[in-house]
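Single-letter residue listing:
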Amino acid sequence: QVQLQQSGAELAKPGSSVKISCKASGYTFTSYYISWIKQTTGQGLEYIGYINTGSGGTNYNEKFKGKATLTVDKSSSTAFMQLSSLTPDDSAVYYCARGLAGAYWGQGTLVTVSS
Amino acid sequence: DIQMTQSPSFLSASVGDRVTINCKASQNINKYLNWYQQKLGEAPKLLIYNTNNLQTGIPSRFSGSGSGTDYTLTISSLQPEDVATYFCLQHSSRPNTFGAGTKLELK
């Protein structure tokens, strides 16, 4: 069955970076894009962008350009999202999802930014 | 960006009730509208894709309809396990955008 397994919760200091992973199984990894989504209580769900897992090509929501960097390792069927220059506003649950419109989602990774 | 206005924000209904949730897009999204269910502490789960297609494994009491800018999720007979927050997502135009959610509780 399709599974997306995300890395564990992160506690980070303001100004630092974190890198979240999303390991796919149960399907051909390069046949589907991976999307990334941010969820907060205040802002709800926000679409960060997606990566073409075959070519590595990316597309970002303008709001997250310079904040998020999406990469992929085809050999391990894993997608990554690095979040840089963290501020408290980056505290959220981050999800990866299969495809442009998210048919399957990872379990989410909680990122907490605090000094 | 396309704005998705979801209503109501909160809904209280009884077991067996017919429930409808609406999403209105700020422009035509050509039926590229998905519905998700999110239970407390869990990831969203796809219920309906492209307006009216039931995802595999989802009970037939869930259905979707709509066109242009107006879309509806219907639960024909509410069950206790349907208590959750429901979101719509438009994927017609990048960036994809979500509705703010409808929290559904049992009366």
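Everything discussed here concerns the structure shown above.
Residues numbered from 1 in each chain as written. Chains lettered and ligands numbered in written order. Predicted model: local features only at pLDDT ≥ 70, side-chain atom pairs only at ≥ 80, totals over all residues. Heavy atoms only, no water.

### A short note on the overall build of chain B
Counting secondary structure elements, chain B contains zero helices and eleven strands. Written out in order from the N terminus, the α and β elements of chain B read β-β-β-β-β-β-β-β-β-β-β. Taking the principal axes of the C-alpha coordinates as reference, chain B spans close to 35 × 25 × 25 Å. Here chain B, with 107 residues, has 46% of them falling under the buried criterion. A total accessible area of about 5000 Å² is found for chain B, and carbon and sulfur atoms account for 45% of it. Averaging the positions of the 9 positive and the 7 negative side-chain charges in chain B gives two centres separated by 4 Å. (Helix = DSSP H or I, 4+ residues; strand = E, 2+ residues; numbered from the N terminus. Buried < 20%, exposed > 50% of the residue type's maximum accessible area, 1.4 Å probe, protein only. Areas by Shrake-Rupley, 256 points an atom, 1.4 Å probe, with all protein chains shown as cover. Lys, Arg positive; Asp, Glu negative; His and termini not counted. Charge placed at Lys NZ, Arg CZ, Asp CG, Glu CD.)

### What about the nonpolar core?
If you look at soluble globular proteins, the nonpolar side chains tend to sit buried side by side. With 24 residues, the main nonpolar core has I34(A), W36(A), M81(A), L83(A) and Y94(A) as its most contacted residues. Residue assignment for this core shows that the elements contributing at least two residues are β3 (18-25), β4 (34-40), β5 (44-51), β7 (68-73), β8 (78-83), β9 (92-98) and β11 (109-113) of chain A. With four residues, the top contributor of residues to this core is β3(A). In contact with I34(A), not counting residues within four places along its chain, are L4(A), Y27(A), F29(A), G49(A), Y50(A), I51(A), T53(A), A79(A), C96(A), A97(A) and R98(A). V19(B), W35(B), L73(B) and A84(B) belong to the second largest nonpolar core, which has 23 residues in total. (Core = buried A, V, L, I, M, F, W, Y, C linked by side-chain atoms within 4.5 Å. Contact = heavy atoms within 4.5 Å.)

### Digging into the side chain of Q55(B)
Mapped onto the fold, Q55(B) is located in the loop between β6 (53-54) and β7 (62-67). Given the relative accessible area of 13%, Q55(B) is considered buried. Look past the residues within four positions of Q55(B) in its chain and what remains in contact with it is A103(A), Y104(A), L46(B), L47(B) and Y49(B).

### Overview of the pairing of β5(A)
Residue and element names in this part refer to chain A. Here β5 lies mainly inside the structure; eight of its eight residues are buried. Both β4 and β5 contribute to a ladder of seven bridges, which runs antiparallel. Across the sheet, K38 pairs through a bridge with E46, a residue of β5. With antiparallel pairing between neighbouring strands as the criterion, β4 and β5 make up a hairpin whose turn holds three residues. As paired elements, β5 and strand β6 (residues 58-60) share three bridges and run antiparallel to each other. Note on β6: the bridge partner recorded for I51 is T58. Turn length for the β5-β6 hairpin, with the two strands adjacent in sequence and antiparallel, is six residues, and the turn residue G56 shows positive phi of about 85 degrees. (Pairing = 2+ DSSP bridges.)

### Let's talk about the state of the cysteines
Overall, the coordinates contain two disulfides over all chains when judged by the stated rule. Each sulfur of the disulfide joining C22(A) and C96(A) lies 2.1 Å from the other. Across the S-S bond linking C22(A) and C96(A), the dihedral sits near 80 degrees, which makes this disulfide right-handed. Remark: C96(A) occurs in strand β9 and C22(A) occurs in strand β3; sequence separation between them is 74 residues. The class of C96(A) is buried, set by a relative accessible area of 0%. Bridging C23(B) to C88(B), the disulfide has an S-S length of 1.9 Å. Because the torsion about its S-S bond is -85 degrees, the bridge between C23(B) and C88(B) counts as left-handed. Within this pair, whereas C23(B) is found in strand β3 (residues 19-25), its partner C88(B) is found in strand β9 (residues 84-90), the two being separated by 65 residues in sequence. Overall, C23(B) belongs to the buried group, its relative accessible area being 1%. We classify C88(B) as buried; its relative accessible area is 0%. (Disulfide = S-S within 2.5 Å.)

### Thoughts on the interface of chain A and chain B
Listed by partner, the interface residues are 17 residues for chain A and 16 residues for chain B. Overall, the association of chain A and chain B removes approximately 1300 Å² of surface from exposure, summing both partners, and the carbon and sulfur fraction of that is 61%. It is L45(A), A101(A) and W105(A) that lose the most area in chain A upon contact with chain B, and together they represent 39% of the buried surface on that side. Remark: the boundary between chain A and chain B carries zero salt bridges. Seen at the junction of chain A and chain B, the total is six residue pairs in polar contact (both at pLDDT 80 or more). Secondary structure elements with two or more residues in the side of chain A that touches chain B: β4, β5 and β10 (104-105) of chain A. Top element by residues in the side of chain A that touches chain B is β5(A). It accounts for four residues. Looking at the side of chain A that touches chain B, its residues break down into ten nonpolar, six polar and one charged. (Buried area = accessible area lost by both parts, 1.4 Å probe. Salt bridge = Lys/Arg side-chain N within 4 Å of Asp/Glu carboxyl O. Polar contact = N/O pair within 3.5 Å; in protein donor to acceptor, adjacent residues only side chain to side chain. Nonpolar A, V, L, I, M, F, W, Y, C, P; charged D, E, K, R; others polar.)

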